[in-house]
Amino acid sequence: MSEAPVVQRPVSAERIHPGGLDLLVVPPRARTGWRVLPARVGAMWAVELQKLRHDRTELYTRAVQPALWLLIFGETFTRIRAIPTGGIPYLDYLAPGIIAQSAMFIAIFYGIMIIWERDAGILTKLLVTPTPRSALITGKAFAAGVKALIQAVVVVVIAALLGVAMTWNPLRLLGVAVAVVLGSAFFSCLSMTIAGIVLTRDRLMGIGQAITMPLFFGSNALYPVAVMPGWLQAISKVNPLSYQVDALRGLLLGTHAHLALDYGVLALAAALGILSASSLLGRLAR
């Protein structure tokens, strides 16, 4: 009489990997705290830049305005010498101001994009993820800074072709990049803050157009602070664009600048802008 075949018992998962079944019941603990924040900011930054890869038209069209400022306004006032610039050609004096202006014009309408994301349902999906709201805003703010940095490179090339005497020191150019990114981060957060208040693209567009020229003309981008009337000097002192222009002018042209103060104001303004926009992000998504 033959023996009954031996039935092999299935090997338990616990024998293969003790505690392995725990992963089927309890999900792994998510990373939290300061370690995950830079990763989330970087992810949002990369997502924003992917949009730029697929459509570069905005960069090309926005290069027209700074070129016109340098070619027409700069060349004309260089000839008539109506504005005191401390012995440097007016075109050289104007170039850093146009870099700051073009960066601001890109960033100041960034809130329109976040309203579009709200209308498309993208913002709601982002807010239900574990990503902190501050990381969402910071990623978008620094993506705006990178867009503005690309625009700044275009303006620098145009200025160099026109004969503007600028430094090519790598450390100074790195300082220029930091100033452009910080300034753009603030103005993009200002735009997203306004978006959280007005909630519609039409209102944001109107407010953005209303504040860009006062910010530009109320800074030292076109003329020294010393030639301004007293009330305009007071506005210039609280205008972050003035500190950005001062840093860019000192780094690119070698003029006297208060770099520690300039960077401090820009960093503080960017941080306050991120806090303000983050606090209103939930209201925008309702």
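Residues numbered from 1 in each chain as written. Predicted model: local features only at pLDDT ≥ 70, side-chain atom pairs only at ≥ 80, totals over all residues. Heavy atoms only, no water.

## Quick look at the pattern of salt bridges
Inspection of every chain in the model, using the stated rule, returns three salt bridges. Among the ionic pairs, K140 bridges to E117, the shortest N-O distance being 2.8 Å. Of this pair, K140 sits in helix α9 (residues 133-161) while E117 sits in helix α7 (residues 111-120); the two residues are 23 residues apart in sequence, bridging distant segments of the chain. Where D119 meets R118, a salt bridge forms, and the shortest distance between an N and an O atom there is 2.7 Å. Accessibility expressed as a relative area gives 19% for R118, which makes it buried. Residues joined by salt bridges that share partners form a network here, namely R118, D119 and R201. (Salt bridge = Lys/Arg side-chain N within 4 Å of Asp/Glu carboxyl O. Helix = DSSP H or I, 4+ residues; strand = E, 2+ residues; numbered from the N terminus. Buried < 20%, exposed > 50% of the residue type's maximum accessible area, 1.4 Å probe, protein only.)

## Here's the deal with the nonpolar core
Grouped together as the largest cluster of nonpolar side chains are 67 residues, with contacts concentrated most on L70, I99, I114, I137, V180, F187 and F216. Those residues in contact with F216 that sit more than four places away from it in its chain are W69, G97, I98, Q101, M104, A221, L222 and L241. (Core = buried A, V, L, I, M, F, W, Y, C linked by side-chain atoms within 4.5 Å. Contact = heavy atoms within 4.5 Å.)

## Focus on helix α6 (residues 90-107)
Look at α6: 26 Å from first C-alpha to last across 18 residues, which is about the 26 Å you get at 1.5 Å a residue. The largest bend along α6 measures about 25 degrees and falls at P96. Among the 18 residues in α6, 18 count as buried, and that is most of the element. (Expected span 1.5 Å × (residues − 1). Bend = angle between axes of the 7 residues up to and from the residue.)

## Here's the deal with a nonpolar patch on the surface
There is a patch of nonpolar side chains on the surface, built from V64, L68, L71 and I72 and spanning about 360 Å² of accessible area. Relative to the elements of secondary structure, V64 occurs in helix α5 (residues 64-80). (Patch = residues over 30% accessible without salt bridge, like charges linked within 9 Å, V, L, I, M, F, W, Y side chains within 5 Å. Areas by Shrake-Rupley, 256 points an atom, 1.4 Å probe, with all protein chains shown as cover.)

## What to know about the confidence of the model for the chain
Interpretation of the predicted coordinates at a detailed level should be avoided for regions scoring low in pLDDT. This prediction gives the chain a mean pLDDT of 82; 81% of its residues lie at or above 70. Mean pLDDT values over the elements of the chain span from 45, in helix α1 (residues 13-16), up to 95, in helix α13 (residues 240-253). (pLDDT = per-residue confidence, 0-100.)

## Observations concerning unusual backbone geometry
Positive phi, normally seen in glycine, also occurs at L199, with a value near 70 degrees. Given the relative accessible area of 25%, L199 is considered partly exposed.

## Let's talk about the side chain of N220
Along the polypeptide, N220 turns up in the loop between α11 (201-217) and α12 (230-237). By relative accessible area, which is 8% here, N220 ends up buried. Those residues in contact with N220 that lie beyond four places of it in its chain are Y93, V225, M228, S236, L241, S242, V245, D246 and R249.

## A closer look at α9
Counted at 1.5 Å a residue, the expected span for α9 with its 29 residues is 42 Å, and the 43 Å between its end C-alpha atoms agrees. Of the residues trailing α9, G163 is marked for its positive phi of about 90 degrees.

## What to know about the packing of aromatic side chains
One pass over the structure, following the stated rule, counts eight aromatic pairs. Taking the centre distance of 5.3 Å and the plane angle of 85 degrees together, the rings of W69 and F216 count as edge-to-face. Separated by 147 residues along the polypeptide, W69 in helix α5 and F216 in helix α11 bring together distant segments of the chain. As far as burial versus exposure is concerned, W69 and F216 are alike and both buried. With a centroid separation of 5.3 Å and 50 degrees between ring planes, the pair formed by F216 and F217 is classed as tilted. (Phe/Tyr/Trp six-rings, centres within 6.5 Å; stacked < 30°, edge-to-face > 60°.)

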